[in-house]
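# Observations on the model geometry
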Amino acid sequence: MLKGKNIIVGITGSIAAYKAAYLVRGLIKKGCDVQVVMTPSGKEFITPVTLSALTGKPVVSEFFTANTGSWNSHVDLGLWADALVIAPASASTIGKMANGIADNMMITTYLSAKAPVFVAPAMDLDMFAHPSTQRNLQTLRSYGNHIIEPTSGELASHLIGKGRMEEPEVIIEYLENFFAQKETLKKKILITAGPTHEKLDPVRFIGNYSSGKMGFALAEECANRGAEVTLIAGPVSVKTIHPNIKRIDVESAREMHDAALSCFEDQDAAILCAAVADYRPENIADMKLKRSGETMNINLVPNPDIAAALGQIKKDAQTLVGFALETNDEESNALGKMERKNLDFIVLNSLQDKGAGFRVDTNKITILNRNGDKKEFALKLKSEVASDIIDELVKVSDNK
Ligand code: CTP
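To keep things clear, this report deals only with the structure shown in the data block. Model, not experiment: these values are computed from the prediction. Sequence order as written defines residue numbering, which begins from 1 separately in each chain. Only residues with pLDDT of at least 70 get local features here, since the model is predicted, and only at 80 or more are side-chain atom pairs given and counted; chain-wide, interface and lining totals rely on the full set of residues. Only hydrogens and water are set aside when side-chain values are computed; all heavy atoms of the structure are taken into account.

## What about the pattern of salt bridges?
- Take a side-chain nitrogen of Lys or Arg and a carboxyl oxygen of Asp or Glu: if they are within 4 Å of each other, that pair is a salt bridge. Applying the stated rule across the entire model yields 23 salt bridges.
- Residues R370 and E339 are paired through a salt bridge, measuring 3.1 Å at the closest nitrogen-oxygen approach. Pair noted here: R370 is in the loop between strand 17 (365-369) and strand 18 (374-376) and E339 is in helix 13 (residues 330-340), with a separation of 31 residues, a long-range link.
- Only protein chains enter the area calculation, which uses a 1.4 Å probe; residues under 20% of their type maximum are buried, those over 50% are exposed, and those in between are partly exposed. Given a relative accessible area of 39%, R370 falls into the partly exposed group.
- One network of salt bridges, with partners in common, ties together K19, R164 and E167. Runs of H or I in DSSP of at least four residues are treated as helices and runs of E of at least two as strands, each being numbered from the N terminus.

## A word on the packing of aromatic side chains
- Pairing of aromatic rings covers Phe, Tyr and Trp, the last counted by its six-membered ring, and requires centre-to-centre distances within 6.5 Å; plane angles under 30 degrees mean stacked, over 60 mean edge-to-face, and any other angle means tilted. On inspection of all chains with the given rule, the structure shows three aromatic pairs.
- Pairing F118 with Y174 gives two aromatic rings, centres 5.9 Å apart and planes at 80°, and the pair type is edge-to-face. Highlighted residues: F118 in strand 4 (residues 117-121) and Y174 in helix 9 (residues 168-181), separated in sequence by 56 residues.
- Its relative accessible area of 0% is what places F118 among the buried residues.
- Relative accessible area serves as the criterion here: at 32%, Y174 is assigned to the partly exposed category.
- Taken together, a centroid distance of 5.0 Å and an interplanar angle of 80° make the contact between F118 and F178 edge-to-face. Of this pair, F118 sits in strand 4 while F178 sits in helix 9, and the two are 60 residues apart along the sequence.

## Side note on the layout of surface pockets
- Two kinds of site are reported from a 1 Å grid over the protein atoms alone, namely cavities, where a 1.4 Å probe fits but cannot get out, and pockets, open sets with protein on both sides within 12 Å along at least five of seven lines, and residues are called lining when an atom falls within 4 Å of a point. Grid points are joined across faces, edges and corners, and a volume is the space filled by probe spheres set on the points. Taken as a whole, the second largest pocket spans an internal volume of roughly 810 Å³.
- Around the second largest pocket, the lining is made up of 35 residues, and of these C273, A274, A275, V276 and F323 lie nearest the centre.
- Elements supplying a minimum of two residues to the lining of the second largest pocket: helix 10 (213-224), helix 12 (306-313), strand 14 (319-326) and strand 15 (345-350).
- It is strand 14 that provides the largest number of residues to the lining of the second largest pocket, a total of five residues.
- Any residue outside Ala, Val, Leu, Ile, Met, Phe, Trp, Tyr, Cys, Pro, Asp, Glu, Lys and Arg is labelled polar, Gly included; the first ten of those are nonpolar and the last four are charged. For the lining of the second largest pocket, a count of residues per class yields 16 nonpolar, 11 polar and eight charged.

## Thoughts on the environment of H74
- Looking at the element boundaries, H74 is found in helix 3 (residues 74-80).
- Residue H74 is classed as buried on the basis of its relative accessible area of 16%.
- Residues H74 and V60, 14 residues apart in the sequence, show an inter-C-alpha distance of 9.5 Å.

## Examining the packing of helix 4 (residues 91-99) against helix 5 (residues 105-112)
- Lines are fitted to the C-alpha atoms to define the axes, a helix being fitted only along its stretch in contact, and any angle between axes, read from their N-to-C directions, falls within 0 to 180 degrees. Two numbers describe how helix 4 lies on helix 5: the axes approach to 10 Å, and their chain directions differ by 40°. Our classification of the angle between helix 4 and helix 5 gives oblique. Like other packed secondary-structure pairs, helix 4 and helix 5 cross with a definite hand, here right-handed. Within the contact between the two elements, helix 4 uses T93, K96 and M97 and helix 5 uses M106, I107 and Y110. Orientation categories follow fixed angle ranges, with anything under 35 degrees roughly parallel, anything over 145 roughly antiparallel, 65 to 115 roughly perpendicular, and all other angles oblique. A clockwise turn of the near helix away from the far one marks a right-handed crossing, whereas an anticlockwise turn of less than a right angle marks a left-handed crossing. We call two residues contacting when some pair of their heavy atoms lies within 4.5 Å.

## As for the site of the ligand
- Surrounding the ligand, one finds L272, A274, V276, D278, P304, D305, I306, A307, G322, F323, K337 and K341.
- Take I306: an N or O atom from its main chain is 2.9 Å from a nitrogen atom of the ligand.
- In the complex, 75% of the free accessible area of the ligand, which totals 580 Å², lies under the protein chains.
- For a cavity or pocket, the test is whether more than half of a molecule's atoms lie within 2 Å of its grid points; if they do, the molecule sits there. When each cavity is represented as a set of grid points, the ligand is found to reside in the second largest pocket.
- At the level of elements, helix 12 and strand 14 are the ones that each hand at least two residues to the shell around the ligand.
- Of the residues that constitute the shell around the ligand, the class distribution is seven nonpolar, one polar and four charged. The nearness test applies per residue and asks whether one of its heavy atoms lies within 4 Å of the molecule or strand. Any pair of N or O atoms that falls within 3.5 Å is considered a polar contact. Within protein, one atom must be able to donate a hydrogen and the other to accept it, and sequence-neighbouring residues count only if both atoms are side-chain atoms. In these tables, accessible area is a Shrake-Rupley quantity obtained with a 1.4 Å probe, and a residue counts as shielded only by the protein chains included in the view.

The structure is reproduced here in structure tokens:
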């Protein structure tokens, strides 16, 4: 799978830099052509001589080669590569990547690279856990970069070992899987994400706590696997700039409904991840509502059910996936929804599970399938949950 692939390994200033030598050696063993690019502080932790001996090529680190003065082209390198693997990635480099601070050859190569990017963070736990690092990693994910980090599945132990660079053989396995499934999802996929806002007056709305993170993680997972994604997003602050994602921003349930219905026909699948308001105020006041009297009543009328509407017009070849967020009688409620909305499978989150649901980066799901299958998953990052859901989608649609 990796044979013949051109891989840039970017090495930054981290104590884990020695592991990069094992990574480079492993990639070469798999038949890759490897070019090492180092940051200036990377060279403080491992000598370029070791790496150039392994790759048979000079290590690139400066914009100019010192003795000849010849220009190292980050653009050419970026075009040559089938993948850019930054391992170890220090907090500082991750911050520069997220913000486009191109003050060394490795970052300029990153910014010019057209190839998929894999980042293996390496730092101490406090640095890793700092909101700034987490925000930067989230930004990299929104750029479609793959963050490879040790995971154990359970949140408590999940934090142990966080920040430690993933082992070279695991990174290689990740790359192998990536190339195995890359472009294999030749499908058009519609995804709804985020909350809806139902207007009361020019300055107020009824909404909910959905952040859109799960839906965006799904969109990125599909796009990374080669799908053409249409992402219909309610009002959210998450961002994505993946070239395979076409984003349509909406505000209300009715706008989301209209957008989803207008593009469903030529989709292979739809994943309905949005937390759609079931009701909206009957009237939207033209002027700001004024305080008057002791109590106030707002009349609510039902919104269209997008999942059910798509379920009604769905063709046999189309796969429809819904979500259920439940607090009680989880499974029977979810199964009822799958039936009523004519879904192929439903992803159940229980609010009873710590770390699942709204506004968090993790989720714990159970997938219930039409043929009675039930798969329970551990608490994971939403990006990993997205991968589990898309694996199921691939399985279900392949069996159609
Ligand atoms: N859904 C939708 N359009 C709506 C409401 C929900 O597409 N108007 C989708 C959601 O995106 C999700 C699934 O339906 O995939 C959730 O089912 P739903 O019936 O909305 O759950 P609840 O509203 O929580 O239902 P209930 O109030 O019965 O628990």
